[in-house]
Amino acid sequence: MLAVIGGSSLSQLAGLDVSHREVLRTPYGEPSGAITFGQMFGRPMAFLGRNGYGHTILPHEVNYRANLWALHERGALGIISVASVGSIRADLKPGDVVIPHQIIDYTWGRKSTYFEGLDRGVTHVDFTEPYDANLRKQLIEAAREVGVPMSDSAVYAVTQGPRLETAAEIDRLERDGADVVGMTAMPEAALARELGVPYASIGVVANHAAGRGASRHSISFESIQAVLERSMGGVRNIIEKMVERGG
């Protein structure tokens with residue numbers, strides 16, 4: 001079963017023939033909301049809204065451990081994350097799609113591992129390549145087939161939120177090698193790796209990051225919402241094409 005985790009910009013998955021919804025409990029508390037189960041092109045799928053019903057859960061307050069655990073327990077064999085990002089790299093413009101290949105984590109204080117507690121031994125996982133190569137390849141091929149403008153690589157800087165960054169902070173992220181900035185890739189990607197579930201992401205460029213382009217002096221939240229509303233159709237098309245092709 002393929003699972004999709006949607007952010008504030010993807011509150012539902014068009015094309016999913018819904019069979020039922022489940023409210024699950026986990027050893028790590030409750031997920032962000034009920035998980036929607038169904039089929040697409042005859043293949044089982046699940047959808048979970050990361051930010052809860054009505055977008056009420058802030059990025060640093062998401063129970064990432066419960067979300068990933070619940071999907072894993074219900075049989076997810078792959079997870080696609082959809083999230084909005086700000087563009088740092090000059091060639092990325094609002095409305096573009098990126099399929100990130102790397103992560104730099106600037107978050108703090110989030111519950112970020114299942115391997116903790118006195119009853120557990122020290123456990124390390126390899127995180128050299130944080131996204132699954134096969135899932136990334138399928139997303140890239142699907143995006144090309146449906147004609148969605150897309151960058152097939154990007155370094156995703158994950159910041160704490162909920163505030164957006166200062167222009168100086170974006171300058172620093174650029175010096176560190178980041179191409180886009182967002183708030184939700186971590187610890188989501190690391191937890192998927194700990195569970196052994198392949199994980200990849202679709203990033204929708206919602207705006208230029210602070211101090212860049214149209215955001216040189218301020219960021220327009222009205223513009224962000226308009227861009228996301230226009231862009232989600234393309235994201236849904238990518239996911240549907242990937243499933244149709246047997247992803």
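For the structure itself, consult the block above.
About the criteria used
- Residues numbered from 1 in each chain as written.
- Predicted model: local features only at pLDDT ≥ 70, side-chain atom pairs only at ≥ 80, totals over all residues.
- Heavy atoms only, no water.
- Helix = DSSP H or I, 4+ residues; strand = E, 2+ residues; numbered from the N terminus.
- Rg over C-alpha atoms; globule rule 2.2 N^0.38 Å.
- Buried < 20%, exposed > 50% of the residue type's maximum accessible area, 1.4 Å probe, protein only.
- Contact = heavy atoms within 4.5 Å.
- Areas by Shrake-Rupley, 256 points an atom, 1.4 Å probe, with all protein chains shown as cover.
- Lys, Arg positive; Asp, Glu negative; His and termini not counted.
- Charge placed at Lys NZ, Arg CZ, Asp CG, Glu CD.
- Salt bridge = Lys/Arg side-chain N within 4 Å of Asp/Glu carboxyl O.
- Phe/Tyr/Trp six-rings, centres within 6.5 Å; stacked < 30°, edge-to-face > 60°.
- Lys NZ or Arg CZ within 6 Å of the ring centre and 35° of its normal.

Asker: In this structure, what is going on with the overall build of the protein chain? I would like to understand it.
Answerer: When helices and strands are counted, the protein chain shows five helices and eleven strands. Here the protein chain has a C-alpha radius of gyration of 17 Å; the compact-globule value for 247 residues is 18 Å, and the two agree. Overall size of the protein chain, expressed as C-alpha extent along the three principal axes, is 45 × 45 × 35 Å. The buried share of the protein chain, taken over its 247 residues, is 52%. Summarising the internal contacts of the protein chain: among those between residues at least 6 apart in sequence, 80% fall at separations of at least 24. A total of about 11,400 Å² of accessible surface is found on the protein chain, and carbon and sulfur atoms cover 50% of it. Side-chain charges of the protein chain comprise 24 positive and 28 negative groups, with the mean position of each set lying 2 Å from the other.

Asker: Is there a simple way to explain the pattern of salt bridges in this structure?
Answerer: Any two side chains of opposite charge can pair, on the condition that their charged atoms come close. Counted under the stated rule, the structure contains 16 salt bridges. With a closest N to O distance of 2.9 Å, Arg212 and Asp171 form a salt bridge. Here the residue Arg212 occupies a position in the loop between β11 (199-208) and α5 (221-244), and Asp171 occupies one in helix α3 (residues 167-176), the gap between them amounting to 41 residues. Each of the salt bridges in this network shares a partner with another, and the network as a whole consists of Lys137, Glu141, Glu145 and Arg245.

Asker: Could you clarify how one ought to interpret the packing of aromatic side chains in this entry?
Answerer: Each aromatic ring pair is summarised here by two numbers: the centre-to-centre distance and the angle between the ring planes. If you walk through the whole model with that rule in mind, you get four aromatic pairs. Aromatic side chains Tyr28 and Trp69 sit 5.3 Å apart centroid to centroid with 65° between the ring planes, which places their arrangement in the edge-to-face category. Here Tyr28, found in the loop between β2 (17-22) and β3 (35-40), pairs with Trp69, found in helix α1 (residues 64-73); they are 41 residues apart in sequence, far enough to count as distant. Through a chain of ring-to-ring contacts, three or more aromatic side chains come together here, namely Tyr28, Trp69 and Tyr114. Above the plane of the ring of Phe37 lies Arg74, whose end atom (NZ or CZ) is 4.5 Å from the centre.

Asker: Looking at this structure, how should I read helix α4 (residues 188-195)?
Answerer: Owing to its 3.6 residues per turn, the α-helix aligns residues three or four sequence positions apart on the same side. Of all eight residues making up α4, seven are buried, and the element is well covered by its neighbours. Considered for burial, the residues of α4 that qualify are Glu188, Ala189, Ala190, Leu191, Ala192, Glu194 and Leu195. Those residues of α4 that are buried lie in contact with β1 (2-6), α1, β5 (78-87), β7 (102-105) and β11. Looking one or two residues beyond α4, the residue adopting positive phi is Gly196, at roughly 75°.

Asker: Would you explain the side chain of Asp96 in this entry?
Answerer: Relative to the helices and strands, Asp96 is located in the loop between β5 and β6 (97-98). Residue Asp96 is classed as buried on the basis of its relative accessible area of 8%. In contact with Asp96, not counting residues within four places along its chain, are Asp91, Pro149, Gly203, Val204 and Val205.

Asker: Explain the environment of Val180 to me, please; I cannot follow it from the model alone.
Answerer: Locating Val180 in the fold gives a position in strand β10 (residues 180-182). Residue Val180 is classed as buried on the basis of its relative accessible area of 0%. C-alpha of Val180 to C-alpha of Val98: the two residues are 82 residues apart in sequence and 8.7 Å apart in space. Other than its neighbours up to four places away in sequence, Val180 contacts Val85, Gly86, Ile88, Leu92, Val98, Ala154, Val155, Tyr156 and Ala157.

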